[in-house]
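Next come the chains, spelled out residue by residue.
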Amino acid sequence: MPNTIQIKRIVFSGTVPLRHRVLRPHQRPEEARYPGDELSTTIHLAAMAPQQAAEGSEPIGVVTLAAEPMPAAPQAGDWRLRGMAVDTEHQGMGIGRSLVLASLGAVRQEGAARLWCNARIVAAGFYRRLGLEPHGETFEIAGIGPHVVMWIAV
């Protein structure tokens, strides 16, 4: 399926339903909105299946990219990857990989030096296979679970 999906930019509101369903199902939908989502500099990408690529269709994967310094080791050109979610019916098909690779390309075009994220521990192996490295110790995000900061030079 990754060869047939389309990655496109969307407005932040298009990310919220999938983020809520996949990442924060036990929280209120408003909690799937992040600070900075509405900034003009924030990039939201969506993976669309060919039959769903029409306007108004819901994405099968989403990710948000924001110009934001990496905690504990900030540097110029830092961009944060956050809110990445792939519909449960489409997980394991390479859609997350396609979103991360598209994210690297998108932030590279913005002049980024590094892309980082707070990776859930259960997803750390996925990010490591794509070249991201852990930075620092594991930490807990209340109500969500254990995470580790991961990064990659762009």
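Residues numbered from 1 in each chain as written. Predicted model: local features only at pLDDT ≥ 70, side-chain atom pairs only at ≥ 80, totals over all residues. Heavy atoms only, no water.

Asks: What is the right way to read the layout of surface pockets from this model?
Replies: Where empty space is left in the structure can be found by rolling a water-sized probe over the atoms. The computed volume of the largest pocket comes to approximately 710 Å³. What lines the largest pocket is a set of 30 residues, among which L23, M84, R120, A123 and Y127 lie closest to the centre. When residues of the lining of the largest pocket are traced back to their parent elements, those giving at least two are α1 (16-23), β4 (78-86), α2 (95-109), β5 (114-120) and α3 (124-129). Per element, the largest residue contribution to the lining of the largest pocket is seven residues, and it comes from β4. Taken together, the residues that form the lining of the largest pocket break down as 17 nonpolar, eight polar and five charged. (1 Å grid on protein atoms, 1.4 Å probe; cavity = no way out; pocket = protein on both sides within 12 Å on 5 of 7 lines; lining within 4 Å. Points joined across faces, edges and corners; volume = space filled by probe spheres on them. Helix = DSSP H or I, 4+ residues; strand = E, 2+ residues; numbered from the N terminus. Nonpolar A, V, L, I, M, F, W, Y, C, P; charged D, E, K, R; others polar.)

Asks: Just to check I follow, could you spell out the packing of aromatic side chains for this structure?
Replies: In this description, an aromatic ring pair is defined by two values, namely the gap between the centres and the angle between the planes. A complete count under the given rule lists one aromatic pair for this structure. The ring of Y34 is capped by R82, whose NZ or CZ atom sits 4.1 Å from the centre of that ring. (Phe/Tyr/Trp six-rings, centres within 6.5 Å; stacked < 30°, edge-to-face > 60°. Lys NZ or Arg CZ within 6 Å of the ring centre and 35° of its normal.)

Asks: How should I be thinking about the pairing of β4 in this particular structure?
Replies: If a strand is regular, its side chains alternate between the two faces of the sheet. Of all nine residues in β4, nine are buried, a share of seventy percent or more. Bridge analysis of strand β3 (residues 61-67) against β4 gives six bridges, and the strand direction is antiparallel. Within β4, the residue paired with G61 across the bridge is V86. Where β4 and β5 come together, three bridges link them in parallel fashion. Within the sheet, the bridge partner assigned to W79 lies in β5 and is L115. The handedness of the β4 to β5 crossover, carried by α2, is right-handed. (Buried < 20%, exposed > 50% of the residue type's maximum accessible area, 1.4 Å probe, protein only. Pairing = 2+ DSSP bridges. Right-handed = clockwise from strand over helix to strand, strands pointing away.)

Asks: Please clarify how the pattern of salt bridges should be interpreted in this entry.
Replies: A side chain with one charge can pair with a side chain of the opposite charge if their charged atoms come near. Under the counting rule described, the total for this entry stands at nine salt bridges. One salt bridge in this structure joins E68 and R80, with 3.0 Å as the shortest N-O distance. Separated by 12 residues along the polypeptide, E68 in the loop between β3 and β4 and R80 in strand β4 bring together distant segments of the chain. Classification of E68 by relative accessible area gives partly exposed; the value is 24%. In this structure, D78 engages R114 in a salt bridge whose closest nitrogen and oxygen atoms are separated by 2.8 Å. Of the two residues, D78 is situated in strand β4 and R114 in strand β5; the sequence distance between them amounts to 36 residues. (Salt bridge = Lys/Arg side-chain N within 4 Å of Asp/Glu carboxyl O.)

Asks: Just checking my understanding: could you explain α1 for this structure?
Replies: What sets the pattern is the α-helix's 3.6 residues per turn: residues three or four places apart point alike. Here α1 has its buried residues at V16, L18, R19, H20 and L23. Residues of α1 that are buried in the fold lie against β2 (43-48), β3, β4 and β5. (Contact = heavy atoms within 4.5 Å.)

Asks: What's the story with the nonpolar core in this structure? I'm lost.
Replies: Note on soluble globular proteins: their nonpolar side chains tend to be buried together. Membership of the largest hydrophobic core comes to 29 residues, with the highest contact counts inside it found for L65, L81, L99, L115, Y127 and M150. Mapped onto this core, the elements with two or more residues apiece are β2, β3, β4, α2, β5, α3 and β7 (145-153). The residues contacting L65, other than those within four sequence positions of it, are T41, T42, I43, L45, W79, R80, L81, S103, A106, V107 and L115. In terms of nonpolar packing, the next biggest core, distinct from the first, is built from seven residues, L18, Y34, A46 and A85 among them. (Core = buried A, V, L, I, M, F, W, Y, C linked by side-chain atoms within 4.5 Å.)

Asks: I keep staring at unusual backbone geometry and nothing clicks. Help me out?
Replies: Note on backbone geometry: most residues besides glycine have negative phi, and most peptide bonds are trans. Phi is positive for A72, which is not a glycine, with a value near 70°. Relative to the helices and strands, A72 resides in the loop between β3 and β4.

The values are spatial; any link to function lies outside them.
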